[in-house]
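Overview (structure and organization)
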Amino acid sequence: MTGIGAEAGAQAARSRALAVLRVRGRALGVALLPAAAAVILLTGVSTGHFVGPGWDAARWAVGVLAVLVLLAAAGIALVVARARPAVSPTVPVPERSAPDLYRMVRDLAERLDVPAPSAIALTPDCDSWLEDRTHAAHGPPPRPAPDEIAGPGRRRIPVAPVLVIGSPFLWWMRVGELRAVLAPVIAGTGPSAHPDIAAARRFVRGLDAAVAVASTSGRCPLTRGVCAVLGWVARLLLRGCREHATQMERGVAAAAAERAQAVDYGLRIVAQEQVGLAYAGWDRLLTRVALPAWRMGRWPSGLDAGVVAALTELSRRDRLAEGFTSRLGERPACDLLEEPGAVDEAASLLAARLFHGGPAESGPDWAPVDWQAYPEEVVDRTWRADAARLHRVLDSLGVRPSLDPATPDPGGPTLARVLDHLTEPGLEAAAPKPPYDGLLAADGECTPQGPPAPDDEIGPGGTGGNPDAEGEAEAPQATRSATVAAGLTAALAREESGVPGGATATGRSPESVLWDDDGLPLFPLQPPRTARDLLTDHVTAMVCCAAVDTAGAVPALDWLDGPSLLLGGERAADLTPRVLSLVEEGDPGPLRDWLAASGIRPEKPVRLV
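Residues numbered from 1 in each chain as written. Predicted model: local features only at pLDDT ≥ 70, side-chain atom pairs only at ≥ 80, totals over all residues. Heavy atoms only, no water.

1. Section: the overall build of the chain
Secondary structure assignment for the chain yields 17 helices and 8 strands. Split into buried and exposed, the 609 residues of the chain put 47% on the buried side. For the chain, restricting intrachain contacts to residue pairs at least 6 apart in sequence, the fraction spanning at least 24 positions comes to 84%. Working note: accessible area of the chain is about 28200 Å², and carbon and sulfur atoms make up 58% of it. (Helix = DSSP H or I, 4+ residues; strand = E, 2+ residues; numbered from the N terminus. Buried < 20%, exposed > 50% of the residue type's maximum accessible area, 1.4 Å probe, protein only. Contact = heavy atoms within 4.5 Å. Areas by Shrake-Rupley, 256 points an atom, 1.4 Å probe, with all protein chains shown as cover.)

2. Focus on the pattern of salt bridges
Taken as a whole and assessed by the stated rule, the structure comprises 23 salt bridges. R607 is paired through a salt bridge with D380; the nearest N and O atoms lie 3.8 Å apart. Residue R607 is located in the segment after α17 (589-598), and its partner D380 is located in helix α12 (residues 374-396); the two are separated by 227 residues in the primary sequence. In this structure D380 comes out as buried when scored by relative accessible area, which is 7%. Between D561 and R571 there is a salt bridge whose closest N-O contact spans 3.1 Å. (Salt bridge = Lys/Arg side-chain N within 4 Å of Asp/Glu carboxyl O.)

3. Notes on the side chain of H421
Within the element layout of this structure, H421 appears in helix α13 (residues 415-422). When its relative accessible area of 16% is taken as the criterion, H421 is described as buried. Leave out the neighbours within four places in its chain, and H421 touches L394, V399, R480 and V484.

4. Side note on the sheet that holds strand β1 (residues 91-93)
One key point about sheets: their strands pair by backbone hydrogen bonds, in either a parallel or an antiparallel sense. In space, the 4 strands of this open sheet follow the order β1-β2-β4-β3, with mixed pairing throughout. A strand with exactly one partner marks an edge of an open sheet, and here the two such strands are β1 and β3 (129-131). Adjacent strand axes in the sheet meet at a mean angle of 35° when their direction is disregarded. Pairing geometry for strand β2 (residues 119-123) and strand β4 (residues 162-166), over 5 bridges, is parallel. When the sheet's bridge partners are listed, T123 is paired in β4 with G166. Sheet strands in contact with helix α5 (residues 175-186) are β3 and β4, and its direction is about 140° off that of β4. (Pairing = 2+ DSSP bridges. Axes fitted to C-alpha atoms, helices over the stretch in contact; angles between N-to-C directions.)

5. Details of the environment of R22
Note on placement: R22 falls in helix α1 (residues 2-47). The class for R22 is partly exposed, based on a relative accessible area of 45%. A sequence separation of 219 residues divides R22 from C241, and the C-alpha atoms of the two residues are 9.0 Å apart.

6. Topic: unusual backbone geometry
Backbone geometry at D113 places phi at a positive 60°, although glycine is not the residue there. Relative to the elements of secondary structure, D113 occurs in the loop between α3 (99-112) and β2. Given a relative accessible area of 64%, D113 falls into the exposed group.

7. Description of the environment of E585
Structurally, the position occupied by E585 is in helix α16 (residues 576-585). Look at E585 and you get partly exposed, because its relative accessible area is 48%. Linking E585 and T423, residues 162 residues apart in sequence, is a C-alpha distance of 8.3 Å.

8. A word on the nonpolar core
Grouped together as the largest cluster of nonpolar side chains are 106 residues, with contacts concentrated most on L101, L178, I186, W294, L303, V539 and L591. Dropping the residues within four chain positions of it, I186 is found in contact with V105, L108, A109, L112, V114, P117 and L163. Counting residues in hydrophobic clusters, the runner-up holds 25 residues, among them A13, L21, A210 and A234. (Core = buried A, V, L, I, M, F, W, Y, C linked by side-chain atoms within 4.5 Å.)

9. Structural notes on the confidence of the model for the chain
Here the chain averages 80 in pLDDT, while 79% of its residues score no lower than 70. Residue range residues 144-156 is modelled with pLDDT below 50. Its contacts to residues more than four positions away, or to other chains, number 8 contacts. Note on residues 429-476: pLDDT is under 50 here. Beyond four places in sequence and across chains, it has 149 contacts. (pLDDT = per-residue confidence, 0-100.)

10. Focus: the pairing of strand β8 (residues 562-566)
Counted residue by residue, β8 has 4 buried out of 5 residues, so it is predominantly covered. With 5 bridges joining them, strand β7 (residues 554-558) and β8 adopt antiparallel strand pairing. Its bridge partner lying in β8, D558 is registered against G562. Hairpin connection from β7 to β8: 3 residues lie between these consecutive antiparallel strands.

11. Considerations on the packing of aromatic side chains
Counted by the stated rule, this structure contains 2 aromatic pairs. The interplanar angle of 70° and the centroid separation of 4.9 Å between the aromatic rings of W371 and W559 together place this pair among those described as edge-to-face. Of the two residues, W371 is situated in the loop between β6 (367-369) and α12 and W559 in the loop between β7 and β8; the sequence distance between them amounts to 188 residues. Ring pairs connect the aromatic residues W371, Y374 and W559, which therefore count as one cluster. (Phe/Tyr/Trp six-rings, centres within 6.5 Å; stacked < 30°, edge-to-face > 60°.)

12. Comments concerning the packing of α5 against helix α9 (residues 265-295)
Their axes nearest at 8 Å, the elements α5 and α9 cross at an angle of 95°. The orientation of α5 relative to α9 falls into the category roughly perpendicular. Residues G176, E177, A180, V181, A183 and P184 of α5 pack against L267, R268, A271, Q272, Q274 and V275 of α9. Of the residues that constitute the contact of α5 with α9, the class distribution is 7 nonpolar, 3 polar and 2 charged. (Parallel < 35°, antiparallel > 145°, perpendicular 65-115°, else oblique. Nonpolar A, V, L, I, M, F, W, Y, C, P; charged D, E, K, R; others polar.)

Pasting the structure below:
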């Protein structure tokens, strides 16, 4: 049944490919119609049938129209054939750097009786697919083997596509699991090798690239008119073959899935669970751990290794994931690489480019950071940069260091200044003397949507939200909070306007010429934030700075929650609600009680950047 199902899927894909090619043939026929009419009219002169002034005018009109249509058709065909198709940003993995991985892929292709992929590349995402890179813009294809050259009058078998593997899979999955996950992907090279399917795919990719060329801005009026005609024709053809192309790809996928049923089927069910777990861990790592570092001008150089640490921590905390760590004794798939550390670093830098828009190369303002240095290089710097921004806003609002003019100058920025200003009149409570006989655990976690640090923000989405958010204009306290939040929003906007994004950064990787740098980041992670969120993050950062400088706390990295604060060697989730009580209600009581119990002295100055 497996062979019958695979053959049925392949037949369906071939029939849809022929339908796509028929659309191309009809377009060619329409382009040749005026020329055919002109040939008929010219032939009529020699036979004496179409004579007279009217026929002469018709011959001239149809001849000119035929020439124009042929020129337009030739131009469109040239653009479709030469336009650079889109290619996914990846890290190439040459065979010399991963001979075991190539050997495993070829062995799998041999078992599936399909052509082996021509190359392997990694992407910083939890997905795997085949990608055709035989276009001239992607570089010269590998030289075909002798049996790939067909005899006279027969077509050459297309070069196999490139296998793109999600880099988190290599670090989290075991070798057997990776093999099971890649089996249906590699099986897709079989239908892809059919000449009709390959030609249909080239035609669709060419049309898509032609639409992109026609949509390019910054052209002169004449060129814009030509591009408008090109875009209209390309879109018309795409609409005509869209349904056929979709069904063709579904047929290819169905044929590949059926063919792969006989290879590691039982293990594939278990491996699919690991795919979902790896995706969850990767998303959490990027948003909670990597994003704060990218904002500070640092990019973690071991994101894939961090996935393993994050998922191991998840399995330790969550009873639902208890069984997953038992797999860690087996051989990881990253052992198939000769230098996994270098590959992880390259994939981590590419992830920073795609998700944040960082430069393509390291520099003084864009340096790698390892996990051991993360708390000092990222967490502590982020807190102090946010606290410094908060006090600059208070300075611009004319907020005094203390409510009592007779109080001597503390000699630096203090947490008490923030508490006093945000406290609603009538809710002031005298802070109890801080006990020093014991320190309680505290949560100084900065949320992943925290504000970017000065001089390091690259992404475009960190200007906060509407200062007039719900509940921020109903009382004097709400006015104070809204004013400070609006000041933070404006400060962030000014900082971002002076920092170049990744599109203007110097340095381009060899593969970056194959995809558009102007659109970076391609997948921004930073969600929209309200002004209240910005204020909450900044106050939390100020509390963390006071804890580090006055209570002996230390910044730390939590693999699941990102930057965190350790007091007495422990961390608890009880700081954020107290900060929200101050920001939203103007009530400093819960936060002051927490500070006193934790031994944090808000009246003491803190060190800022």
